[in-house]
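Observations on the model geometry
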Amino acid sequence: MLLLRMQHDKVLIIDFGSQYTQLIARRVRELNIYSEIHPFNKIPTNVQEYKAVILSGSPMSVRSENAFHPDLSEIRGKKPLLGVCYGAQYLAHFSGGEVAESNTREYGRANLSFVQENEPFLAGISAGSQVWMSHSDTIKQLPTGGKLLASTHDVQNAAYKIEGETTFAIQFHPEVYHSTDGKQLLENFLVHIACVNPDWTPNAFVEETVAELKEKLGNDKVVLGLSGGVDSSVAAMLLHKAIGENLYCIFVNNGLLRKNEFSSVLQQYEGMGLNVKGVDASARFLEALAGESDPEKKRKAIGRVFIEVFDDEAHQITDVTWLAQGTIYPDVIESVSATGGPSATIKSHHNVGGLPDFMKLKIVEPLKALFKDEVRRVGASMGMDKQLLGRHPFPGPGLAIRILGDITAEKVRILQEVDAIFIDGLREWDLYDNVWQAGAILLPVNSVGVMGDERTYEKVVALRAVESTDGMTADWVDLPYKFLQKVSNDIINKVKGVNRVVYDISSKPPATIEWE
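The rules we used
Residues numbered from 1 in each chain as written. Predicted model: local features only at pLDDT ≥ 70, side-chain atom pairs only at ≥ 80, totals over all residues. Heavy atoms only, no water. Core = buried A, V, L, I, M, F, W, Y, C linked by side-chain atoms within 4.5 Å. Buried < 20%, exposed > 50% of the residue type's maximum accessible area, 1.4 Å probe, protein only. Helix = DSSP H or I, 4+ residues; strand = E, 2+ residues; numbered from the N terminus. Contact = heavy atoms within 4.5 Å. Pairing = 2+ DSSP bridges. pLDDT = per-residue confidence, 0-100. Axes fitted to C-alpha atoms, helices over the stretch in contact; angles between N-to-C directions. Parallel < 35°, antiparallel > 145°, perpendicular 65-115°, else oblique. Left-handed = near helix turned anticlockwise from the far one by under 90°. Nonpolar A, V, L, I, M, F, W, Y, C, P; charged D, E, K, R; others polar. Phe/Tyr/Trp six-rings, centres within 6.5 Å; stacked < 30°, edge-to-face > 60°. Lys NZ or Arg CZ within 6 Å of the ring centre and 35° of its normal.

1. So, the nonpolar core
Ranked by internal contacts, the top residues of the largest apolar core, which has 50 residues, are Val418, Phe422, Leu426, Leu463, Leu479 and Ile491. With eight residues, the single largest contributor to this core is helix α12 (residues 409–428). The contacts of isoleucine 491, once residues within four sequence positions are left out, are Val418, Ile421, Val461, Leu463, Val498 and Val501.

Structure representation (structure tokens):
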């Protein structure tokens, strides 16, 4: 991983499998502090290099026979330590305290009813402050040396510290948006108590990463597959700053992009000074997808053809040594999580993965340490176009997973037209930036309609717009009725083959953002 030579203070987050662990890291980084997540069973051996340590929450109970129980002897009492939820229960349960099953599951909003006065850990936080609880166990007795710092109406031991150590613990989740003073609490602990220097900024990242790329790559040639999205575009700009014309970018049109996207994105890249080759392989992809309706098989077909096309083009560049990828930090975390990977395979990853071994290329991943919002900030610090950086996420297989059932050129045309009306409408109504991701889905059903005095039997499309921070959870966006009415009318009147429009109001979970 890059950043190894960065002389910034680092915070270690030990992951016990909580769904909120990534949020802890993101909140810490919002303070301009570099943080890393490592699973409880793979704590780094160089723990002395970290300025502070945070223990995450967990779906596990500390009372279980299989409770996660790492050795913290090199951390406890030697480093500033903060236990969150499971972390707080862990410090109590294994250090002379008592954790018991709660009479009722403590989940959701709560308010602090008691806050210890003149306590630096809780500076700027007072009784009445809202916090977010998510646990079924509760701390009945504090650990040896424990001192109560805060309570809620239902949770007496909501926060405590261990005297004689720089060790603090909280039963609630400061990383969650609903904990209104969560950022203040993290700043109190990290900046004012642990004395972590908050100097990890986008400008610093660009300067240091470009310097490391120059040293690592030298005069070698690098090939990068551009997608038109934020991650690959920012990765390309970092590499371009480091090695200039030795970066060869390939932008493949799989025929499943948005309307006119291939030409418009190519023009945008040329304006950025990148060395880009556009490859229109639409026919090749559509041929591979002909007659295929199974979502997983569609993904695999698209991935296979992409590799073939990319390999064909890469071989036309002589003496290429490196393959660049837009991998970001959540991808890294997922591969080494506390449970050894994703908790469940809901669907194959939308984006095409690494290329096969036969390409014999070394991998360089300049964004491997960043979250998506940080990628955008880094791009902005390099002066990249705001519209490109603000683009909604778009799945690697493109419209193929938004056309339920088999893929045909006519279905692609219909969906491209519908999608363009929807996305353009969001921009025209100044709604685009209020939405994390939006798109249209072509359903495999026809419905009866009436146009003019004639009966129609045409396609149904579903519109989808969600708000999220990282795609792990998402809520549907309450778009104005007037907007939905206008978009629906435009789609039905202007797109031949569609006579009905519906709006998806499902959240994730239980649904997923994409339908396939």
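2. Details of the pairing of strand β13 (residues 320–324)
Of all the five residues making up β13, four are buried; the element is thus mostly covered by neighbouring parts of the structure. Bridge analysis of strand β10 (residues 221–226) against β13 gives four bridges, and the strand direction is parallel. In the sheet register, leucine 224 faces β13, and the bridge partner there is alanine 324. Where β13 lies against strand β14 (residues 362–364), three bridges are found, and the strand directions are parallel. Looking at β14, one finds that alanine 324 is bridged to valine 364.

3. What about the confidence of the model for the chain?
Here the chain averages 89 in pLDDT, while 92% of its residues score no lower than 70. Confidence drops under pLDDT 50 across residues 1–5; counting only partners more than four residues distant or on other chains, this segment forms 18 contacts. In the model, residues 338–354 has pLDDT below 50 throughout and makes 35 contacts with residues more than four positions away in sequence or in other chains.

4. Some details on the packing of helix α5 (residues 230–243) against helix α10 (residues 372–381)
Between α5 and α10, whose axes approach to 10 Å, the crossing angle comes to 45°. Taken as axis vectors, α5 and α10 run oblique relative to one another. Note that α5 runs across α10; the crossing there is left-handed. Residues Val230, Asp231 and Val234 of α5 form the contact with α10, whose participating residues are Lys372, Val375, Arg376, Val378 and Gly379. For the contact of α5 with α10, a count of residues per class yields four nonpolar, one polar and three charged.

5. Quick look at the packing of aromatic side chains
Overall, the coordinates contain 19 aromatic pairs when judged by the stated rule. Judged by centre distance (6.3 Å) and plane angle (35°), the rings of phenylalanine 422 and phenylalanine 483 are tilted. One end of the pair, phenylalanine 422, is in helix α12; the other, phenylalanine 483, is in helix α13 (residues 481–494), and 61 residues separate them in sequence. Phenylalanine 422 gets classed as buried once you look at its relative accessible area, which sits at 0%. On the accessibility criterion, phenylalanine 483 (0% relative accessible area) is buried. Through pairs of rings, three or more aromatic residues link up here, namely Phe16, Phe40, Phe68, Tyr86, Tyr90 and Phe94. Sitting over the face of the ring of tyrosine 50, lysine 10 holds its NZ or CZ atom 4.6 Å from the ring centroid. For arginine 427, the ring lying beneath its charged end belongs to tyrosine 432, and the centroid distance is 3.9 Å.

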